[in-house]
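Overview (structure and organization)
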Amino acid sequence: MDKINIMINGLPGNVAKKMARFAINDDRFNVVPFSLTGQEIEENAITIDQTPFELVRRDKRDEKITRIKTQFAAFIAIDYTHPTAVNSNALFYTRNQIPFVMGTTGGDREQLKRIVKNSSTPAVIAPNMAQQVVGFQAMMEYAANTFPGLFEGYTLEVVESHQNGKADTSGTAKAMVGYFNKLGADFDVNDIKMIRDPEVQKKDWGIPKEHLTGHGWHTYTLKSPDGSALFEFKHNINGRDIYVSGTFDAVLFLKGKLIDPDNSKKFYTMIDVLNKE
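Residues numbered from 1 in each chain as written. Predicted model: local features only at pLDDT ≥ 70, side-chain atom pairs only at ≥ 80, totals over all residues. Heavy atoms only, no water.

What follows concerns the layout of surface pockets. To find the voids left in a structure, one rolls a probe of water-molecule size over its atoms. The space that makes up the second largest pocket amounts to roughly 630 Å³. When residues of the lining of the second largest pocket are traced back to their parent elements, those giving at least two are helix 4 (109-117), helix 5 (131-146), helix 6 (171-182), strand 13 (267-268) and helix 9 (270-275). Sorting elements by how many residues they give to the lining of the second largest pocket places helix 4 first, with five residues. Within the lining of the second largest pocket, the residues separate by chemical class into 11 nonpolar, eight polar and nine charged. (1 Å grid on protein atoms, 1.4 Å probe; cavity = no way out; pocket = protein on both sides within 12 Å on 5 of 7 lines; lining within 4 Å. Points joined across faces, edges and corners; volume = space filled by probe spheres on them. Helix = DSSP H or I, 4+ residues; strand = E, 2+ residues; numbered from the N terminus. Nonpolar A, V, L, I, M, F, W, Y, C, P; charged D, E, K, R; others polar.)

And the structure:
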């Protein structure tokens, strides 16, 4: 199989660096030596495992993309940038007909869907690329649709802990709240408790010191009105390796859609990747 050209955007961010390190050593991919980055980034370049990347700030990306597309006629973008950039990045990708996999959270998610659906550019977009977590979400969605009101009257508490550099509330936690609300819990996503203090994470949560800079621990607790019943769901992820395999599977899935295009559908999620639909 010919190598797939991929452009990893979001360097020098930690998740993008992790993706780049794995991709450089993956025989399935050829990594484009450019990366879209934030306007505030001062560096012009970064080297990862002896591979240099030119960092392209927002004010230069329109002129740079012509050169990049001349050098690499076809490639798939992997987006792990900043929550505030997702909508403008999606517009950029679709305008330049660059298929993309977006694991960045935040932004206006409904507008994000519309941007892709109204374009000719396919994309896989999900707030979480960990396939096991996505599978758990799918189970919760099934339960919500099959047993609506199951937890009517129960109180819900949602607590999520991520590294203190994560700017927004977890997109996965927000999606889970939607399922619990269908199941009868009355809960506002603004009431999700965000833990970002490393000292609290280490002392109160027991998160390993080596993973304070990269983790995702979520706990969802349901209590009955009289306190006689308690249900708790949790998923604790240390490090970022779990997101790499899911992201790369999404790239392979998207490559398949480019080879055998589905003109009726452009917007895909990780559920589509899991189902291989």
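A separate point is the nonpolar core. Within soluble globular proteins, side chains that are nonpolar generally end up buried alongside one another. If you look at the biggest cluster of nonpolar residues, it comprises 36 residues, and the most contacted ones within it are Ile6, Ile8, Val101, Val124, Val251 and Met270. Considering each element in turn, this core owes the most residues, seven residues, to helix 8 (residues 241-259). In this structure, Val251 is in contact with Ile4, Ile6, Phe29, Ile76, Ile78 and Val101, ignoring residues within four places of it in sequence. (Core = buried A, V, L, I, M, F, W, Y, C linked by side-chain atoms within 4.5 Å. Buried < 20%, exposed > 50% of the residue type's maximum accessible area, 1.4 Å probe, protein only. Contact = heavy atoms within 4.5 Å.)

What follows covers the sheet that holds strand 13. With respect to topology, six strands assemble into an open sheet ordered 2-1-6-7-8-13, the strand pairing being parallel. Edge positions in the sheet fall to strand 2 (29-31) and strand 13, since each has one partner strand and no second. Lying over the sheet, helix 8 contacts strand 1 (4-9), strand 2, strand 6 (76-79), strand 7 (100-102), strand 8 (123-125) and strand 13, oriented at roughly 150° with respect to strand 6. (Pairing = 2+ DSSP bridges. Axes fitted to C-alpha atoms, helices over the stretch in contact; angles between N-to-C directions.)

This paragraph deals with the side chain of Asn96. In this fold, Asn96 is placed in the loop between helix 3 (86-95) and strand 7. The exposure class assigned to Asn96 is buried, which follows from its relative accessible area of 16%. Looking at Asn96, its side chain comes within polar contact range of the main-chain oxygen of Phe92, at 2.9 Å. When residues no more than four places from it in sequence are discounted, the contact partners of Asn96 are Ile65 and Lys69. (Polar contact = N/O pair within 3.5 Å; in protein donor to acceptor, adjacent residues only side chain to side chain.)

A surface patch of nonpolar side chains, amounting to about 350 Å² of accessible area, comprises Tyr142, Phe147 and Leu150. Within the secondary structure, Tyr142 sits in helix 5. You can call Tyr142 exposed: its relative accessible area is 54%. (Patch = residues over 30% accessible without salt bridge, like charges linked within 9 Å, V, L, I, M, F, W, Y side chains within 5 Å. Areas by Shrake-Rupley, 256 points an atom, 1.4 Å probe, with all protein chains shown as cover. Salt bridge = Lys/Arg side-chain N within 4 Å of Asp/Glu carboxyl O.)

A few words on helix 6. The end-to-end C-alpha distance of helix 6, which contains 12 residues, comes to 17 Å, matching closely the 16 Å that a straight helix rising 1.5 Å per residue would cover. For helix 6, every residue scored as buried is listed here: Gly171, Thr172, Ala173, Met176, Val177, Tyr179 and Phe180. The elements touched by buried residues of helix 6 are helix 5, strand 9 (155-162), strand 11 (215-223) and strand 12 (230-238). Phi turns positive, to about 115°, at Gly184, one or two residues after helix 6. (Expected span 1.5 Å × (residues − 1).)

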